[in-house]
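Residues per chain, in single letters:
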Amino acid sequence: MSSLLKITDLHVSVADTPILKGVNLEIRQGEIHALMGPNGSGKSTLAYALAGHPNYSVTSGTIEIDGVNITELEADERARLGMFLAFQYPVVIPGVKVADFIRHAISNIRNPDRKEGEGLVGMREFRKEIKSRMEELGMDVEFARRYLNDGFSGGEKKRMEILQMAMLQPKFAILDETDSGLDSDAVRVVSEGLAKLSGPEMGVLIITHHERLLEFNPPQYTHVMLGGRIVETGDASLAHDLHANGYAAIRERHPEAAADNAQAEAAAV
Amino acid sequence: MSATLDIDRIGYSSEVFEDFLKSRSEPDWIMDARRTAYAKYEELLGEELDPEEFKRVDLRIFNAAKFRPSEAASNADSIQTLLANETEYGGQIAHVDGHSGTATLADSIAEQGVLFGDLQTLLTENRETLEPYFLQQAVRPDADRFAAWHAAFWTSGTLLYVPKGVTVDLPLHSLIAHTNDGVADFGHTLIIVEDEARATLLEETTSADSDASGLHVGCVELIVGKHANLRYVQLQNWNQKTWHFAHQGGNVDSEGSLQWTVVGLGSKLSHIHQDVNLNGRAATAEVNGVTFASNRQKISYYTQQHHRQQGTHSDLLYKEVLRDDSRVIWRGMIKVDPAAQQTDGYQRSDALMLSRDARCDSIPGLEIEADDVRCTHGATTGRVDEEQIFYAQSRGISEKEAMHMIVEGFFQQVYDRIPIEVVRETLSRTVQGKLGIEATASV
Ligand SMILES: Nc1ncnc2c1ncn2[C@@H]1O[C@H](COP(=O)(O)OP(=O)(O)O)[C@@H](O)[C@H]1O
Ligand SMILES: [Mg+2]
């Protein structure tokens with residue numbers, strides 16, 4: 001049976017300001033969903049809330065994986081259950097080598113009961129695995145020895161996110177604008193990388209403003225977020241339509257959410 | 001002021017000194033030097049300490065009367081060392097409670113005229129060679145009260161002398177240990193690397209008993225000749241009931257290079273002056289500092305990079321991690337003399353605070369009297385970044401493990417500068433131990 005990520009009536013606040021106002025979404029392993037929406041509509045907020053960022057507090061509603069409520073779990077516990085977020089802005093951790101970081105991460109993911117200080121996955125098999133994954137993604141193996149995201153270009157950081165996804169093999173992956181700020185070569189690498197990795201074992205939520213990523217990874221569902229709600233859901237053609245025509249029609253059809261969104265955008269400036 | 005001075009609390013009276021002299025069997029020239037130093041010490045005891053310096057380094061609860069040099073040597077067997085068994089050494093020596101044990105030195109090294117072992121014996125046997133260096137150049141007995149105290153009472157020490165042109169490939173190891181409660185040791189380290197010679201010495205300090213209080217008034221003198229190279233590491237790992245005062249000086253002659261790493265993990269309070277003097281043209285010094293303070297530890301380093309000649313280069317990086325209620329003080333100075341044109345001086349101290357109750361004072365400084373120089377300095381103090389923690393957690397790494405990785409990563413930037421693998425590995429392991437990672441692992 002394939003796993004199910006189920007988000008029910010999710011309300012999320014940041015610093016006591018309500019941002020998400022009742023999000024419903026179901027993602028099955030093997031499915032690709034696109035999440036679109038204008039700036040400030042709450043896409044990243046949903047991504048962070050799913051990953052378990054402590055500053056994004058769920059005020060009501062639930063997040064479940066196969067019926068297990070994970071809403072109160074720490075981010076690392078969620079990751080051990082198969083949740084993965086490719087960050088819009090990956091974090092630099094100086095002095096921590098990519099290889100050490102990923103080796104610790106996969107040791108925890110593959111042995112969810114592991115405690116700090118306990119055994120890590122074997123060095124030899126780990127080296128082999130990361131090397132072949134890096135080659136698949138067209139990455140210089142030297143990167144494994146560099147410090148995590150330290151001095152990396154935007155494209156290198158995004159590729160590092162995809163490498164981590166490849167190594168962690170999550171059940172559910174959320175990609176938050178993984179294709180933004182990249183040149184077209186890098187977008188192609190990331191898109192192809194994702195296409196290779198996603199399959200029947202992975203449910204994917206792609207947050208994007210561009211079409212390229214979706215061309216390589218055609219979504220079965222497209223959701224549109226506005227003012228902290230998912231206001232419309234369609235198929236891949238909805239994504240095409242939004243790329244071609246923008247959000248004016250969506251705003252017209254959902255004036256209340258559009259007003260909320262305008263407020264959020266104004267506040268963000 | 002001196003009327004109310006309580007000598008027994010702040011130092012050693014002349015009675016203590018006379019008793020100490022009686023316990024030594026040394027040639028007159030050494031005894032005379034001690035007497036001269038004691039006279040200076042008495043004079044300095046009557047003077048106030050530098051108020052600027054000692055407002056941060058609080059000595060109000062220090063009581064010298066609780067510590068005395070120990071009469072007999074203790075057994076070295078029970079002593080845990082971090083470095084002694086980790087690599088192959090060309091020679092080793094241990095000092096316990098201020099008494100030197102027997103030194104070993106590989107024949108192949110001894111044959112080249114290298115002297116290594118107990119300072120008192122070697123000073124006595126090689127007066128002509130060594131007297132001009134001992135407490136004459138890199139550290140002066142009149143520097144302050146603690147330097148004079150040490151010069152009068154030095155108990156034991158490690159001497160390494162490498163003659164001109166000789167390279168010692170294997171590192172040497174020196175251990176300074178305390179075993180008994182209330183012991184005072186005045187250990188001295190004197191390293192002379194003559195022109196075109198090369199050597200590495202790894203030194204560590206330790207307490208066999210975590211509950212025994214101790215006092216170390218130390219001195220390190222490093223003399224690096226022309227085109228010579230010295231790599232020196234001092235890993236200070238006393239228990240948290242030990243007071244540690246030291247003057248440490250390194251003199252580098254033309255085109256010589258000194259790579260000097262200091263590690264401060266232990267002690268109740270330590271206050272160390274670490275000076276590098278770039279005395280010859282194009283001399284270079286690289287200084288690395290690793291400090292990890294916890295509980296109520298106070299660790300203070302006063303560093304100076306003194307450029308005295310043209311084309312000299314110094315580069316200092318200290319990294320400090322503070323936990324609990326600890327306090328770290330770093331006061332760094334780059335001094336450039338008028339003659340030292342085209343010098344390049346760099347200093348930086350970064351502190352990572354793991355608790356709100358810890359306190360760090362970083363005070364960089366420059367005193368530049370030449371006009372064609374490049375000197376940069378900086379100091380940062382920060383906390384562990386929550387976003388780094390969350391990022392690691394989102395990859396399945398627990399908050400605590402993430403915090404530990406971030407701390408290790410913070411130190412990694414200074415480990416990367418340490419040219420000796422066994423030191424890098426030992427430091428990483430020791431820091432993990434202090435972070436408590438091993439404790440968790442053994443559950
Ligand atoms: N960390 C934060 N602190 C304050 N406001 C935030 C934070 N994150 C998001 N917001 C606010 O939440 C709203 C939605 O933002 P976000 O989820 O980033 O939108 P999107 O990713 O769709 O552009 C915006 O009004 C934004 O200003
Ligand atoms: Mg966003």
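Just so it is clear, the model here is predicted, and its values are computed rather than measured. Positions within a chain are numbered from 1, following the residues in the order the chain's sequence is written. By the order in which they are written, chains take letters starting at A while ligands take numbers starting at 1. Confidence filtering applies because this is a predicted model: local features only for residues at pLDDT of at least 70, side-chain atom pairs given and counted only at 80 or more, and all residues used for totals across whole chains, interfaces and linings. Excluded from the side-chain calculation are hydrogens and water; included are all heavy atoms of the structure.

A.B. asks: In this structure, what is going on with a negative patch on the surface? I would like to understand it.
C.D. replies: Within the patch definition used here, like charges are joined within 9 Å and nonpolar side chains (Val, Leu, Ile, Met, Phe, Trp, Tyr) within 5 Å, considering only residues with over 30% relative accessible area and no salt bridge. Computed with a 1.4 Å probe, the accessible areas rest on the Shrake-Rupley method; for each residue, only the protein chains presented here act as cover. When a carboxyl oxygen of Asp or Glu is within 4 Å of a side-chain nitrogen of Lys or Arg, the pair counts as a salt bridge. This count recognises Lys and Arg as positive and Asp and Glu as negative, with His and chain-terminal groups excluded. For the purpose of locating charges, the reference atoms are NZ of Lys, CZ of Arg, CG of Asp and CD of Glu. Where like charges cluster on the molecular surface, the negative patch consists of Glu74(A), Glu77(A), Asp385(B), Glu386(B) and Glu399(B). When you line up the elements, Glu386(B) lands in helix H9 (residues 386-393). Burial here depends on accessible area, computed with a 1.4 Å probe over protein chains only, as a share of the maximum for the residue type. Under 20% is buried, over 50% is exposed, and the range in between is partly exposed. Residue class for Glu386(B) comes out exposed when judged on its relative accessible area of 56%. Comment: elements are numbered from the N terminus, with helices defined as DSSP H or I runs of at least four residues and strands as E runs of at least two.

A.B. asks: Quick question: what am I supposed to make of the interface of chain B and chain A here?
C.D. replies: Reports often express the size of an interface as the amount of accessible area lost when the parts come together. On the side of chain A, 39 residues touch chain B, which itself brings 25 residues to the contact. In this description, buried area is defined as the sum, over both parts, of the accessible area (probe of 1.4 Å) that is lost when the two are combined. Between chain B and chain A, roughly 2,500 Å² of surface is buried when both sides are summed, and carbon and sulfur atoms account for 58% of that area. Considering only the surface of chain B that becomes buried against chain A, Phe390(B), Tyr391(B) and Arg395(B) emerge as the three largest contributors, covering 32% of it. Our enumeration of links across chain B and chain A arrives at 2 salt bridges. A 3.5 Å cut-off defines polar contacts: any pair of N or O atoms within that distance qualifies, except that in protein one atom must be a possible hydrogen donor and the other a possible acceptor, and neighbouring residues in sequence count only when both atoms are side-chain atoms. At the junction of chain B with chain A, the criterion picks out 14 residue pairs in polar contact (both at pLDDT 80 or more). Breaking the side of chain B that touches chain A down by element, the ones donating at least two residues are H9, helix H10 (399-415) and helix H12 (437-441) of chain B. A total of 10 residues in the side of chain B that touches chain A trace back to one element, the largest contributor, which is H10(B). For the side of chain B that touches chain A, the residue count by class is 9 nonpolar, 10 polar and 6 charged. The contact criterion used throughout is that any non-hydrogen atoms of two residues lie within 4.5 Å. Classes in brief: Ala, Val, Leu, Ile, Met, Phe, Trp, Tyr, Cys and Pro nonpolar; Asp, Glu, Lys and Arg charged; the others, Gly included, polar.

A.B. asks: Which parts of the structure should I look at to understand the sheet that holds strand E2 (residues 17-28) of chain A?
C.D. replies: Either a parallel or an antiparallel arrangement is found when strands of a sheet pair, and the pairing is made through backbone hydrogen bonds. Pairing between strands requires that DSSP locate at least two bridges from one strand to the other. With respect to topology, 4 strands assemble into an open sheet ordered E2-E1-E4-E5 (chain A), the strand pairing being antiparallel. Each edge of the open sheet carries a strand with a single partner, namely E2 and strand E5 (68-69) of chain A.

A.B. asks: It is not clear to me how the sheet that holds strand E9 (residues 172-176) of chain A should be interpreted in this structure. Could you clarify?
C.D. replies: Residue and element names in this part refer to chain A. An order of E6-E9-E10-E3-E11-E12 is seen for the 6 strands of this open sheet, with the pairing classed as mixed. Strands at the two margins of the open sheet, each flanked by one partner only, are strand E6 (83-86) and strand E12 (229-234). When strand polarity is set aside, the average angle formed by the axes of neighbouring strands in this sheet is 20°. Of the strand pairs in this sheet, strand E3 (residues 32-36) and strand E11 (residues 221-226) are connected by 4 bridges, and their pairing is parallel. Bridge pairing links Met36 to Val224 in E11. Inter-axis angles, ranging from 0 to 180 degrees, are taken between N-to-C directions of lines fitted to C-alpha atoms, where helices are fitted over the stretch in contact.

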